[in-house]
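Observations on the model geometry
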Amino acid sequence: MPSDCAIILAAGEGQRMGSDVPKVLCEVLFKPMIGWVIGACQDAKIGDRCVVVGFKSEQVVDFLGDDAKTVFQDKRRGTAHAVLCAKSFLREHINANVFVCCGDSPFLDGKTIISALDMHKSNGAAVTVITANLENPKGYGRIVRTGGNISKIVEEKDSNEQERKIHEVNSGAYWFCVKDLLDVLEHIKPINNQNEYYLTDAIALILARKKTATAYLSENPLVAMGANDRLNLFKLNEIYRKILIERFMNHGVEFLSMDGIIISPDVKIGTGTKILPGTILKGKTCVGKNCVIGPNSLIEDSKIGDETLVNSSQIYQSVVDNNVKIGPFCHIRPNSRISHHVKIGDFVEVKNSKIGAGTSISHLTYVGDSDVGKNVNFGCGVVTINYDGVNKNRCKIKDGAFIGCNTNLVAPVAVGKNGYTGAGSTITKDVPDYALGIERGKQVNVAEFSKSKLAGRKLKVQD
Ligand code: UD1
Ligand code: CA
């Protein structure tokens, strides 16, 4: 069996989007549209993928990494011209089928791709177009049928009044027999209102060669929805945001309201977890069971254990274990590992640090580049001074240590097991196990000090 392959069209600038980044990198639920499309091809088990890049191609190539090969389209002359840029890729798959789709239609799913291929094969078709009925088909290519069968695709800009009434639209995704596609590709002419080489013209050319063209009409209108401008993009975000939240509800996740809640498609959430308004969960975040996340929290590419609370805080690229309390107003920066039963309270920042089980960092503290043991207590206002202006150094705080309020720990420095630091100390030397490190001037009381000051200001002093 020759292995099937995919060509994803992604060279467009997306002028209508008004964006500095290539259109296919515009995000739906914080995931670039091309990332959704690659995911669908992976779900459909299409191993050999080739993306046609053009506008700011380096950004797209960078995003794709090892997920696809790329070919460069110098000038954007239309979708057929874009496919032609991948001619040598097509020749490598001459006896196979190729799935051609657009990088700006994120909701086409693996199942639909596979079902369309099954139909394509069983019909012995040269091309199978994936279509859907849209309530509002404006802007899409319309599927013109004759005697029930597809006869051509007409772009909105080239359509007549009758054709504009058609609700069945082209999703921009097709299965082609590679040979049949190569046969017609170079015969497509840019004779239309946009002077572009339309891939959609391949359908009529294939039919003219007495080959079979079919349309796979998906029941799910989402598969056809693409984004050409900001309003389209906003609508795609809104539609899928609600779909995902409802999907989570069906898996036992609790929502009191959908207000301000945005969850990326690759996020996982355990049953019994409650998501409160204003919560944004991004990237590959995984939240355990019976947590409360929010209100107003942002978690990106992080793993959160079970029964953990995150209130009005932000967590990036970190791991938080079970039964942890974070917030309000905490910032957990990348590469932090927070063990179980830790409490991190208001206005605390943790960066690139390990925090041992049962440790409490309750208020106004910065813990950066530090290894903190179990059951450590941080007083209010502790600062690890990890940066000397040239190098970053680590602090080590061992199990059971008690860090007094307003301690400065000048790294590299260690506080030993059950060690103490006196409030207000600037600790520059290691504190041994069980010792108290204290570094501050002795207190001097200047008697009657304020009385003379106040007298100078001609104020009456009351006894
Ligand atoms: C296209 C289809 C339309 C379909 C719609 C579905 C054509 C002529 N029209 O229209 O029938 O309903 O998609 O969303 O195919 N691209 C390139 N190089 C180019 C031109 C485009 O790589 O020279 C890429 C774009 O980056 C985009 C995709 O192809 O990802 C589709 O192009 P776009 O201009 O968005 O086509 P539509 O007008 O949406
Ligand atoms: Ca488009």
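The text that follows walks through the structure, step by step, so that each part is easy to find. Everything numeric here is computed off the predicted structure, so don't read it as measured data.

Some words on a nonpolar patch on the surface
On the surface, Phe402, Tyr420, Leu436 and Ile438 cluster together to form a nonpolar patch covering roughly 390 Å² of accessible area. Tracing the sequence through the fold places Tyr420 in strand β39 (residues 420–421). Taking relative accessible area as the criterion, Tyr420 reaches 41% and is therefore assigned partly exposed.

Regarding the pairing of strand β28 (residues 348–351)
Sheet topology places strand β25 (residues 330–332) next to β28; three bridges connect them, and they run parallel. Paired with His331 across the two strands is Glu349, which belongs to β28. Note: β28 against strand β31 (residues 365–368), four bridges, orientation parallel. The partner of Glu349 across the bridge, within β31, is Tyr366.

Topic: the site of ligand 1
Surrounding ligand 1, one finds 24 residues, the nearest of these being Gly12, Gln73, Thr79, Glu155 and Asn170. Between ligand 1 and the protein, one listed contact pairs an oxygen atom with a backbone N or O atom of Gly78 at 2.8 Å. Its free accessible area being 760 Å², ligand 1 has 91% of it covered by the protein chains. At a threshold of 2 Å from the grid points, most atoms of ligand 1 map onto the largest pocket. Elements that contribute at least two residues to the shell around ligand 1 include exactly β1 (5–10), α3 (79–84) and β10 (168–177). Residue composition of the shell around ligand 1, by class: seven nonpolar, 11 polar and six charged.

Concerning the packing of aromatic side chains
By the definition in use, this model includes seven aromatic pairs. Geometrically, the ring pair formed by Phe107 and Tyr240 is stacked, given 4.5 Å between the ring centres and 25° between the ring planes. Placement of the pair is Phe107 in the loop between β6 (97–102) and α5 (110–122) and Tyr240 in helix α9 (residues 230–250), with a sequence separation of 133 residues. Residue Phe107 shares its accessibility class with Tyr240, and that shared class is buried. Ring centres 5.5 Å apart and planes at 35° place the aromatic pair Tyr174 and Phe176 in the tilted group. When its relative accessible area of 4% is taken as the criterion, Tyr174 is described as buried. Cluster of aromatic residues (ring-pair linked, three or more members): Trp36, Phe107 and Tyr240. The ring of Phe30 has Lys282 sitting right over it, with the charged end atom 4.5 Å from the ring centre.

Quick look at the side chain of Ser336
Within the secondary structure, Ser336 sits in the loop between β25 and β26 (337–338). Note on Ser336: relative accessible area 3%, which makes it buried. When sequence neighbours within four positions are dropped, the list of residues in contact with Ser336 reads Gln317, Ser318, Val319, Val350, Lys351, Asn352 and Ser353.

Section: the coordination of the calcium ion (ligand 2)
Around the calcium ion (ligand 2), the protein contributes the donor atoms Asp104 (OD) and Asn228 (OD1), at 2.3 to 2.5 Å from the metal centre. Here Asp104 is found in the loop between β6 and α5, whereas its partner Asn228 is found in the loop between β11 (213–218) and α9, with 124 residues between them in sequence. In this structure Asp104 comes out as buried when scored by relative accessible area, which is 12%. Taking the relative accessible area as the measure of exposure, Asn228 reaches 22% and is therefore partly exposed.

Here's the deal with empty space enclosed by the protein
All chains considered together, the criterion is met by one cavity of 30 Å³ or more. By volume, the largest cavity amounts to about 40 Å³. Val37, Cys101, Cys102, Ser105, Leu108, Ser171, Gly172, Ala173 and Val223 together form the lining of the largest cavity. Counting residues per element, the lining of the largest cavity draws most heavily on β10, at three residues. Tallied by class, the residues present in the lining of the largest cavity amount to six nonpolar, three polar and no charged.

Conventions used here
Note that residues are indexed from 1 along each chain, following the sequence as it is written. Throughout, the order in which chains and ligands are written sets their labels, letters from A for the former and numbers from 1 for the latter. With the structure being a predicted model, the display of local features is reserved for residues of pLDDT at least 70 and the display and counting of side-chain atom pairs for 80 or more, all residues being used for whole-chain, interface and lining totals. Hydrogen atoms and water are omitted, and side-chain values are computed over all heavy atoms in the structure. Patches here are clusters of residues that have more than 30% relative accessible area and form no salt bridge, with a 9 Å joining cutoff for like charges and a 5 Å cutoff for nonpolar side chains (Val, Leu, Ile, Met, Phe, Trp, Tyr). A 1.4 Å probe and the Shrake-Rupley method give the accessible areas. Residues count as covered only by the protein chains that appear here. Here, a salt bridge means any side-chain nitrogen of Lys or Arg that lies within 4 Å of a carboxyl oxygen of Asp or Glu. Here a strand is any run of E in DSSP of at least two residues, a helix any run of H or I of at least four, and the numbering for each starts at the N terminus. Each residue gets one of three labels from its accessible area relative to the maximum for its type: buried under 20%, exposed over 50%, partly exposed in between, using a 1.4 Å probe on protein chains only. A pair of strands is treated as paired once DSSP finds two or more bridges between them. Any residue with a non-hydrogen atom lying within 4 Å of a molecule or strand is treated as near it. Pairs of N or O atoms within 3.5 Å make up the polar contacts considered here, provided that, within protein, one atom can donate a hydrogen while the other can accept it, and that residues adjacent in sequence are counted only when both atoms are side-chain atoms. Here a cavity denotes a set of grid points, spaced 1 Å apart and computed over the protein atoms alone, in which a 1.4 Å probe fits but from which it cannot get out, and a pocket denotes an open set meeting protein on both sides within 12 Å along at least five of seven lines; residues with an atom within 4 Å of a point are reported as lining. A pocket or cavity is taken to hold a molecule when more than half of that molecule's atoms are within 2 Å of the pocket's grid points. Ten residue types, Ala, Val, Leu, Ile, Met, Phe, Trp, Tyr, Cys and Pro, are classed as nonpolar, four, Asp, Glu, Lys and Arg, as charged, and the remainder, Gly among them, as polar. Any two of the Phe, Tyr and Trp rings considered here, Trp counted by its six-membered ring, make a pair once their centres fall within 6.5 Å; the pair's planes then place it as stacked at under 30 degrees, edge-to-face at over 60, or tilted in between. Geometrically, a charge over a ring is one whose NZ (Lys) or CZ (Arg) sits within 6 Å of the ring centre while staying within 35 degrees of the ring normal. In what follows, a contact means two residues having at least one pair of non-hydrogen atoms within 4.5 Å. Sodium, potassium and calcium take a 3.2 Å donor cutoff, other metals 2.8 Å, and in both cases only N, O and S atoms count; water is not among them, so sites may look incomplete. Grid points are joined across faces, edges and corners, and a volume is the space filled by probe spheres set on the points.

Purely geometric numbers; function is a separate question.
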